[in-house]
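This is what each chain is made of:
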Amino acid sequence: MKPFMFVTDLDNTFVGNDTALIELSQKLNQHRQEYGTKIVYATGRSPILYQELKQEKNLIDPDALVVSVGTEIYLDTSRVPDSTWSEKLSAGWNREVVLSTTADFPELVPQPDSEQRPFKVSFFLQETASTKVLPQLSSRLKARGLDIKLIYSSGIDLDIVPQGSDKGQAMQFLRQKWQFVAERTVVCGDSGNDIALFAVGNERGIIVGNARPELLEWHNQNPANHRYLAKDFCAGGILEGLKYFGLME
Ligand code: GLC
Ligand code: MG
């Protein structure tokens, strides 16, 4: 067995199937100790909400933590975000301009303060309004000279982040840092903000059995042999996929 880089979303992917989570965590931890496998969590949560989940579910410590949909990377157990990454995101980003533009859209309901981050502005947006609001908002922000990206997940969460940032780009930054080839890297997810993980390159992909329609739709439109659609839900689907790719027994 050789090391691989394991990258997973948390809510409804790694977490959500308690029995399978225990089995998967034990196997990953053992693989890390024996072969040097790296474990990365990539979540939309802020560091604050991540800590809550970590305690609630007793999550094992990752080797890197990607939070706030890829806009912050914490290596090992560091409390400060990686500065190379933060510096890369500053160009073309201006929080104040984002906020003054979004203020014109009454459909956008701000998420709690904890989820508003230096490089992430987040709202709740109803699915029915989203088809109208998203294109308008995108062109208004671009017209104001911002190089941003809109990420819409689960029919409710809207994140506005710098163009150079999402879970996929953060994952590739780590992959290059630790020198894992795409064939020895596996990414797992269930919803819209995970599409970036699957779309960025040729990393092995596991879509859990309980995936949201937005991800399944994207997967059907962009089929690939290096992506596995699991039958089981959450960590159960991940165990299934790791076996399928021959990364773990
Ligand atoms: C998490 C975050 C939220 C974000 C969502 C989708 O729920 O707390 O701010 O909008 O993920 O990325
Ligand atoms: Mg999720």
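What you see is a predicted model; the values in this text were computed from it and never measured. (Residues numbered from 1 in each chain as written. Chains lettered and ligands numbered in written order. Predicted model: local features only at pLDDT ≥ 70, side-chain atom pairs only at ≥ 80, totals over all residues. Heavy atoms only, no water.)

J.: Now, about the sheet that holds strand 5 (residues 109-110): what can you tell me, with residues and values included?
T.: In space, the 4 strands of this open sheet follow the order 5-6-8-7, with antiparallel pairing throughout. Each edge of the sheet is formed by a strand with only one pairing partner; in this case those strands are strand 5 and strand 7 (148-153). Two elements, strand 7 and strand 8 (residues 157-162), share 6 bridges in a ladder whose sense is antiparallel. Paired with Ile 151 across the strands is Asp 159, a residue of strand 8. Here helix 5 (residues 127-143) sits on the sheet in contact with strand 7 and strand 8, set at roughly 170° to strand 7. (Pairing = 2+ DSSP bridges. Helix = DSSP H or I, 4+ residues; strand = E, 2+ residues; numbered from the N terminus. Contact = heavy atoms within 4.5 Å. Axes fitted to C-alpha atoms, helices over the stretch in contact; angles between N-to-C directions.)

J.: I'd like a rundown of the pairing of strand 4 (residues 72-75), residues and numbers included.
T.: Successive residues of a regular strand alternate their side chains across the two faces of the sheet. Covered by surrounding structure in strand 4 are Glu 72 and Tyr 74 together with Ile 73 and Leu 75, the residues of both alternating faces. Direction of pairing for strand 3 (residues 64-67) relative to strand 4: antiparallel, over a ladder of 4 bridges. Counted as the bridge partner of Ala 64 is Leu 75 from strand 4. Between strand 3 and strand 4, which pair antiparallel in sequence order, lie 4 residues; one of them, Ser 68, sits at a positive phi of approximately 50°. (Buried < 20%, exposed > 50% of the residue type's maximum accessible area, 1.4 Å probe, protein only.)

J.: Can you break down helix 9 (residues 235-244) residue by residue, with the values?
T.: Where burial is concerned, most of helix 9 is hidden: 7 out of the 10 residues are buried. Those residues of helix 9 lying buried are Ala 235, Gly 236, Gly 237, Ile 238, Leu 239, Gly 241 and Leu 242. Against the buried residues of helix 9 lie strand 1 (5-8), helix 1 (18-35), strand 9 (185-189), strand 10 (204-207) and strand 11 (227-229). One or two steps after helix 9, the chain reaches Gly 246, where phi turns positive at roughly 70°.

J.: Can you explain the side chain of Ser 165? Please cite residues and give values.
T.: Among the structural elements, Ser 165 can be located in the loop between strand 8 and helix 6 (167-178). When neighbours within four sequence positions are excluded, Ser 165 is seen to be in contact with Val 69, Gly 70, Thr 71, Trp 85, Leu 89 and Lys 149.

J.: Can you tell me about the coordination of the magnesium ion (ligand 2), naming the residues and giving the values?
T.: Each angle at a metal carrying four tetrahedral donors should ideally be 109.5 degrees, and each at a metal carrying six octahedral donors should ideally be 90 or 180 degrees. Around the magnesium ion (ligand 2), the donor atoms from the protein are Asp 9 (OD), Asp 11 (O) and Asp 190 (OD), and they sit 2.1 to 2.3 Å away. Within one chain, the residues serving as donors to the magnesium ion (ligand 2) are arranged as D-x1-D-x178-D. Note that Asp 9 is positioned in the loop between strand 1 and helix 1 and Asp 190 in the loop between strand 9 and helix 7 (195-199), a separation of 181 residues in sequence. Per residue, the accessibility class of Asp 9 equals that of Asp 190, and both read buried. (Donors = N, O, S within 2.8 Å, 3.2 Å for Na, K, Ca; no water.)

J.: Explain the sheet that holds strand 1 to me, and be specific about the residues and the numbers.
T.: Pairing in this open sheet of 7 strands is mixed, and the strands run 4-3-2-1-9-10-11 from one edge to the other. Bordering the open sheet on either side are strand 4 and strand 11, each of which pairs with just one other strand. Adjacent strand axes in the sheet meet at a mean angle of 15°, parallel and antiparallel pairs treated alike. Inspection of the sheet shows strand 1 paired to strand 2 (residues 38-42) by 4 bridges, in the parallel sense. Counterpart to Thr 8 in the pairing with strand 2 is Tyr 41. On the sheet, helix 6 packs against strand 1, strand 2, strand 3, strand 4 and strand 9 and is oriented at approximately 30° with respect to strand 4. Against the sheet, helix 8 (residues 213-221) makes contact with strand 9, strand 10 and strand 11, and its axis sits at roughly 130° relative to strand 11, the strand it touches most.

J.: Kindly report on the site of ligand 1, identifying the contributing residues and their values.
T.: Close to ligand 1 lie Gly 44, Arg 45, Leu 49, Val 69, Gln 111, Glu 115, Lys 120, Ser 122, Asp 157, Asp 159 and Asn 193. Contacts to ligand 1 include Asp 159, whose side-chain N or O atom sits 2.6 Å from an oxygen atom. Asn 193 is positioned with one of its side-chain polar atoms (N or O) 2.7 Å from an oxygen atom of ligand 1. Residue classes in the shell around ligand 1 are distributed as 2 nonpolar, 4 polar and 5 charged. Each of domain 1 (5-87 + 165-244) and domain 2 (93-162) accounts for three or more of the residues forming the shell around ligand 1. (Near = heavy atom within 4 Å. Polar contact = N/O pair within 3.5 Å; in protein donor to acceptor, adjacent residues only side chain to side chain. Nonpolar A, V, L, I, M, F, W, Y, C, P; charged D, E, K, R; others polar. Domains from an automatic or database assignment.)

J.: How would you sum up the environment of Gln 169? Please name residues and give values.
T.: Checked against the element boundaries, Gln 169 lands in helix 6. Given a relative accessible area of 26%, Gln 169 falls into the partly exposed group. C-alpha of Gln 169 to C-alpha of Ala 196: the two residues are 27 residues apart in sequence and 7.6 Å apart in space. Residues contacting Gln 169, with those up to four places away along its chain left out, are Trp 85, Lys 88, Lys 149, Gln 163 and Gly 164.

By themselves, these observations are geometric and do not establish any function.
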